[in-house]
Amino acid sequence: METIFFKGTPCHTYGNIPAVGTKAPCFSLVTKDLADIRCSDFEGRRVVLNVFPSLDTPVCAASVRRFNAEAAGLDNTAVICVSMDLPFAMNRFCVAEGIEGVVAASAFRSPTFSQQYGLQIVDGPLAGLLARAVIVIDTDGTVIYRQLVEEITEEPDYEAAVSVLR
């Protein structure tokens, strides 16, 4: 269990975010087009998991825009933006914002994702949603960077995440 904060109020997650140097758990998510994607779809590529509560908040939307602009252009790297938002909402957001460099994916059908990655918020106003985190996975499936953002209303450290990919 990890402690995070929502506007200064403590909240907790189910489990712990995977440690650097460990194998990333396999995942199954749903794209904005209702297609299933799995970790095996990205074998041999580096993966950035940009995880957040909902695209309907300014900070979450900003993180998708930023990763779309920055990390999506990196060689052999897939950026997957993950929330519990329904695929229909993700599609509307991506179309309206011109988001094409990242994969928008929902964990709404995959409770194991939020639990295996230790990112399901279990109490507080955002219970049931995902905590804000960035996890970078190398080509062999090893976690090479992780950040669980302590205050959910703040953006992640983009520079640190992208720097491990350069």
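Quick caveat: nothing in here was measured; it's all calculated off a predicted structure.

Peer 1: Can you walk me through the sheet that holds strand S5 (residues 46–51) in this structure?
Peer 2: Through backbone hydrogen bonds, the strands of a sheet pair up, either in parallel or in antiparallel fashion. The 7 strands lie next to each other as S4-S3-S7-S6-S5-S8-S9, forming an open sheet whose pairing is mixed. Edge positions in the open sheet fall to strand S4 (36–38) and strand S9 (143–148), since each of these has one partner strand only. In this sheet, adjacent strand axes meet at a mean angle of 30° when their direction is disregarded. Together, S5, strand S6 (77–83) and strand S8 (133–137) form the strand contacts of helix H1 (residues 58–69), whose direction differs from that of S5 by roughly 160°. Those strands touched by helix H2 (residues 87–97) are strand S3 (28–31), S6 and strand S7 (103–106), and its axis lies near 160° from that of S7.

Peer 1: Could you clarify how one ought to interpret the nonpolar core in this entry?
Peer 2: One recurring pattern in soluble globular proteins: nonpolar side chains tend to sit buried together. Counting residues in each nonpolar core, the largest one holds 30 residues, and the members touching the most others are Leu29, Leu49, Ile80, Val82, Phe113, Tyr117 and Leu119. Excluding residues that lie within four positions of it along the chain, Tyr117 makes contacts with Asn16, Ile17, Pro18, Ala24, Pro25, Phe27, Leu49, Thr112, Ile135 and Ile137. Counting 23 residues, the second largest nonpolar core, distinct from the first, contains Phe52, Ala61, Val102 and Tyr145.

Peer 1: For this particular structure, what's the right way to read H1?
Peer 2: Structurally, the α-helix is built with 3.6 residues per turn, so residues lying three or four positions apart point the same way. If you check H1, its first and last C-alpha atoms are 16 Å apart, about what 12 residues at 1.5 Å a residue would give, namely 16 Å. On its buried face, H1 is in contact with S5, S6, H2, S8 and helix H4 (158–163).

Peer 1: Would you explain the state of the cysteines in this entry?
Peer 2: In a disulfide, the sulfur atoms of two cysteines are held together by a covalent bond. Per the counting criterion, the structure on display carries 1 disulfide. Across the disulfide from Cys26 sits Cys39; the S-S distance is 1.7 Å. Taking the sign of the S-S torsion, -70° for the link of Cys26 and Cys39, the bridge is left-handed. With Cys26 in the loop between strand S2 (9–12) and S3 and Cys39 in the loop between S4 and S5, this pair connects stretches of sequence that are 13 residues apart. Using a relative accessible area of 47% as the deciding quantity, one classes Cys26 as partly exposed. Residue Cys60 stays outside any disulfide, its sulfur separated by 10 Å from that of Cys81, the closest cysteine. No disulfide involves Cys94; its sulfur sits 7.7 Å from the nearest other cysteine sulfur, which is in Cys81. Taking relative accessible area as the criterion, Cys94 reaches 4% and is therefore assigned buried.

Parameters and conventions
The written sequence of each chain sets the order in which its residues are numbered from 1. Local features in this predicted model are restricted to residues whose pLDDT is 70 or higher, and side-chain atom pairs enter the listing and the counts only when it is 80 or higher, whereas totals over whole chains, interfaces and linings include all residues. Side-chain descriptors were evaluated using all non-hydrogen atoms of the structure, hydrogens and water having been removed beforehand. At least two DSSP bridges between two strands are required for those strands to pair. A run of H or I in DSSP counts as a helix once it spans at least four residues, and a run of E counts as a strand once it spans at least two, with each numbered from the N terminus. Lines are fitted to the C-alpha atoms to define the axes, a helix being fitted only along its stretch in contact, and any angle between axes, read from their N-to-C directions, falls within 0 to 180 degrees. By definition, residues are in contact when any of their heavy atoms lie within 4.5 Å. What makes a nonpolar core is a set of buried Ala, Val, Leu, Ile, Met, Phe, Trp, Tyr and Cys residues whose side-chain atoms join them at distances within 4.5 Å. For every residue, the accessible area obtained with a 1.4 Å probe (protein chains only) is divided by the maximum for its type, and the residue is called buried under 20%, exposed over 50%, and partly exposed between those limits. Multiply 1.5 Å by the residue count of a helix minus one, and that product is the helix's expected span. In what follows, a disulfide is any cysteine sulfur pair within 2.5 Å.

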